[in-house]
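Chain residues, written in single-letter form:
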Amino acid sequence: MKCDEIFAALAMLEKERGIPQAFMMEKIVQALTTAYKRDHEGVENVLVHVDEEKKDLKMYVQKEVVEEVENPGAQMTLDEARAIRGSAAVGDLINIPVDNVEFGRIAAGNGKQVIIQGLREAERGMIYDEYNSKQHEILTGVVTRIDPRNGSVSMRIGTGTEATEAVLPASEQVPGESLVEGQRIKVYVVEVRRATKGPQVLISRTHPGLVKRLFELEVPEIYDGTVEVKSIAREAGSRTKMAVWSNDEAVDPIGACVGPKGQRVGSIVEELRGEKIDIIKWSEDSAQFIAAALAPADVLDVWMADEGKGCRVIVPDDQLSLAIGKEGQNARLAARLTGYKIDIKPASYKDEE
């Protein structure tokens, strides 16, 4: 049966939306066979032959030749088979053409619906591929709605046909940050999942990766690999500690991140609404790294445990509270940054020991 309209529609979709004709044709064939089986009880095998050159579709019902017919939808007698093919024998499979009129009715009823459904599916697949490649990257989104019940924020990320909705849960928002509809903010793409209604993009404003990516955008030395971000510990909205190291002895990793007159780190602090950022130099020497991680406090000595990842740090008596930080934040971030359990003691404790 000539199906010029279907082939023309598929060609247009491929040209305008980039959806391969083969993908859509597969969906159409699937729908036609399903529809025929639904309308004809007992039919098991339905074949659709596609001739792209002639823009032609043909449908066949495949039946098995048997001595005694039990299911007329899937079986036929030897006499019936030989009327179609003289050399037929029991056990053969015979393809019986479906009448063009009936095939036309099925195609008309299902073609449009399948094209629409396949179009949605293909677009969802393309959007998934697009955002899956952007995992662990920063994207700019526009706040479209704020749920007053749970505080979650709906956002529109991307542009044009590749735009999609994403939800920023309250747990992934920076504490104390106030968002309003229409506001443009940067978000970190944590993960992209396939879902029935389309790709589900999981985004965050609290993830440490957001800070790392912001520094990559702002500091050329990090972007080109001269300066490496070794680890990050973050308590969003309050403080971040970041350990950096330089592959080039001539490049100061901390100075590169801070920038002239603090401009580079300043713009990131502004994007993070005033979050404090401590930039420290990473070291292969664990004791030296731990001492640096406890900045701004001075460290007198570091005793490493004989086994396991633990240590005891000695600080001046007047800097004990500074080393521990408000509500233990400085010590907590230093421990997460270095991967060591840190026990902080004053110098008077060392004297007693």
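Let me begin by describing the structure that accompanies this report. (Residues numbered from 1 in each chain as written. Predicted model: local features only at pLDDT ≥ 70, side-chain atom pairs only at ≥ 80, totals over all residues. Heavy atoms only, no water.)

Some details on the pattern of salt bridges
Should their charged atoms come close, side chains of opposite charge can pair. This model, assessed by the stated rule, comprises 18 salt bridges. In this structure, the salt-bridge partner of R213 is E216, at a minimum N-O distance of 2.6 Å. Residue R213 and its partner E216 are located together in helix α5 (residues 208–218), separated by 3 residues, close to a single helical turn. Judged by its relative accessible area of 21%, R213 falls in the partly exposed class. For E216, a relative accessible area of 19% corresponds to the buried category. We note a salt bridge from R312 to D343, for which the minimum N-O separation is 3.0 Å. (Salt bridge = Lys/Arg side-chain N within 4 Å of Asp/Glu carboxyl O. Helix = DSSP H or I, 4+ residues; strand = E, 2+ residues; numbered from the N terminus. Buried < 20%, exposed > 50% of the residue type's maximum accessible area, 1.4 Å probe, protein only.)

Concerning helix α1 (residues 4–17)
Counted at 1.5 Å a residue, the expected span for α1 with its 14 residues is 20 Å, and the 20 Å between its end C-alpha atoms agrees. Turning to α1, its buried residues number three or more, namely I6, F7, L10 and L13. Projection of α1 onto a plane perpendicular to its axis shows the buried side chains occupying an angular sector of 120°, all on one side. Residues of α1 that are exposed and point more than 90 degrees away from the buried face comprise E5, K15 and E16. (Expected span 1.5 Å × (residues − 1). Arc of directions from axis to C-beta.)

With respect to unusual backbone geometry
Between A295 and P296 the backbone carries a cis peptide bond, its omega angle lying at 15°. The residue P296 is located in the loop between α9 (286–293) and β13 (301–304) in this model. Notably, K55 is not glycine yet its phi reads approximately 50°, a positive angle. Along the chain, the position of K55 falls in the loop between β1 (45–51) and β2 (56–65).

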